[in-house]
Structures are given as C-alpha cells and as structure tokens.
Amino acid sequence: MPKKYAVLLTEGMREELNELVAQATASPRELGHARILLQADQAPGGPATLHGQIAEAVAVSEMTVTRVCRRFAEGGLKSALHRKVQQNRKAPTLNRAQEALLIALFQGAPPEGHTRWSLRLLADQMVKLEHANRVSHETVRQVLKRAGMSLS
C-alpha cells in the first residue's frame, strides 16, 4: 500500500540533507528531520524505509515521522526541516525599556500612603505615569521574577 505522504527527494535535496547530517551544525531537531527524510525517500535510489523502522532508527515516534513526511509533501524541504512560525503569538505587553522603567520604579520608594509596593500598585503606577497603556499585575510579577526581584 503506498504511503499517504510520499517523500520523493531530488538528487540535490538528497545531497543537501546528507551534507546537513554530516556537518551536524544544525539543531538536533533539524538533524532528526533530515535523517527521517533521507530514510523515507521513495525516489529511485532511496531506501523507502517503513515509518516504524524510521521511528526506531531515529528515536522518535511514528507520528513524528508521519508529520515530517506530511510537511515535506505539503510545503517542501524547508518546511519539513524548520520549525513552523507561530501565527497567533501575542506581542509582549512591555518592551525592554518599559521593563527597565518598571524595575526602577520598584526600586524607588512607594507612593505616599503605602509602606511597600504591591504588584497591583506597580501596575497602576506604570499606567498612571504613562509608561504603558495597560499592565496587569501578572505581567509585573513576571518581569520582577525575570529580574530576580521579589516583593518580600
């Protein structure tokens, strides 16, 4: 029975993949995908190995082999080797400069009437000082954690 997603490599593609594997300068994920494609090659001169055998040889699941073959069939060599760009990724709430302002604000004295900073107070102060349009207390917590600071 023919495989649903046939991998037919040209001689140029095969050479490129062999060179990639031989140099081993790419990420481990890309090297694994290159090995999968080389083993799954159904073109004349290719091994046309079964997915189960490829999975065992490359130490991945059969589903990974199927996904790599599908991505090759649908999008070509680059698509099968490289990670897909995330489309729905949300932009960060604060940029580096705003994070620096938040840290500077945290290191300063709290506003009058308060003995110490709280996450919500910092978030409100960032908006009040017009350093950001809106900031949640969770964003403040994450920025302080990355900077190695805490409220306690």
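Before any of the text, the structure's been laid out above.
Numbers given for residues are sequential positions, taken from 1 along each chain in its written order. Since the coordinates come from a predicted model, pLDDT governs what is reported: local features require at least 70, and pairs of side-chain atoms require 80 or more to be given and counted, while whole-chain, interface and lining totals use all residues. The basis for every side-chain value is the complete set of non-hydrogen atoms in the structure, without hydrogens or water.

(A) Region of the structure containing the overall build of the protein chain. A run of H or I in DSSP becomes a helix once it reaches four residues, and a run of E becomes a strand once it reaches two; helices and strands are each numbered from the N terminus. In terms of helices and strands, the protein chain carries 8 helices and 0 strands. Mapped in sequence order, the helices and strands of the protein chain form the string α-α-α-α-α-α-α-α. In terms of overall size, the protein chain is more extended than a compact globule, its C-alpha atoms giving a radius of gyration of 25 Å where 152 residues would be expected to give roughly 15 Å. Once the C-alpha set of the protein chain is aligned to its principal axes, its extents read approximately 80 × 25 × 25 Å. Our radius of gyration is a C-alpha quantity, and the globule rule it is checked against amounts to 2.2 Å times the number of residues to the power 0.38.

(B) Up close: the environment of Ala-48. Here Ala-48 lies in the loop between helix H2 (28-40) and helix H3 (51-58). By relative accessible area, Ala-48 is classed as partly exposed at 37%. It is 57 Å that separates the C-alpha atoms of Ala-48 and Leu-102, two residues lying 54 residues apart in sequence. Working definition: with a 1.4 Å probe on protein chains only, accessible area under 20% of the residue-type maximum means buried, over 50% means exposed, and in between means partly exposed.

(C) Expanded view of the pattern of salt bridges. One side-chain nitrogen of Lys or Arg within 4 Å of one carboxyl oxygen of Asp or Glu is enough to make a salt bridge. For the structure shown, the criterion picks out 6 salt bridges. Two residues, Glu-16 and Lys-78, come together in a salt bridge whose shortest N-O distance is 3.5 Å. Taken together, the residues Glu-16 in helix H1 (residues 11-23) and Lys-78 in helix H5 (residues 77-81) connect sequence positions 62 residues apart. Lys-78 gets classed as exposed once you look at its relative accessible area, which sits at 55%.

(D) Local environment of helix H8 (residues 137-146). By the burial criterion, the buried members of H8 are Thr-139, Val-140, Val-143 and Leu-144. Taken end-on, H8 shows its buried residues confined to a sector of 130°, consistent with a single buried face. In this structure, H8 carries Lys-145 and Arg-146 as exposed residues pointing more than 90 degrees from its buried face. Of the residues trailing H8, Gly-148 is marked for its positive phi of about 75°. Note that the arc is computed from the directions linking the helix axis to the C-beta atoms.

(E) Spatial organisation of the side chain of His-33. For His-33, the location among the structural elements is in helix H2. Classification of His-33 as buried rests on a relative accessible area of 10%.

(F) Highlighting helix H6 (residues 96-107). Here a helix's expected span is defined as the number of its residues, less one, multiplied by 1.5 Å. The terminal C-alpha atoms of H6 lie 17 Å apart, and with 12 residues this matches the ideal 16 Å at 1.5 Å per residue to within 8%. Buried within H6 are the following residues: Gln-98, Glu-99, Leu-102, Ile-103, Leu-105 and Phe-106. The arc enclosing the buried residues of H6, seen along the axis, measures out at 160°, which places them on a common side. Within H6, the exposed residues directed more than 90 degrees away from the buried face are Arg-96, Ala-97 and Gln-107.

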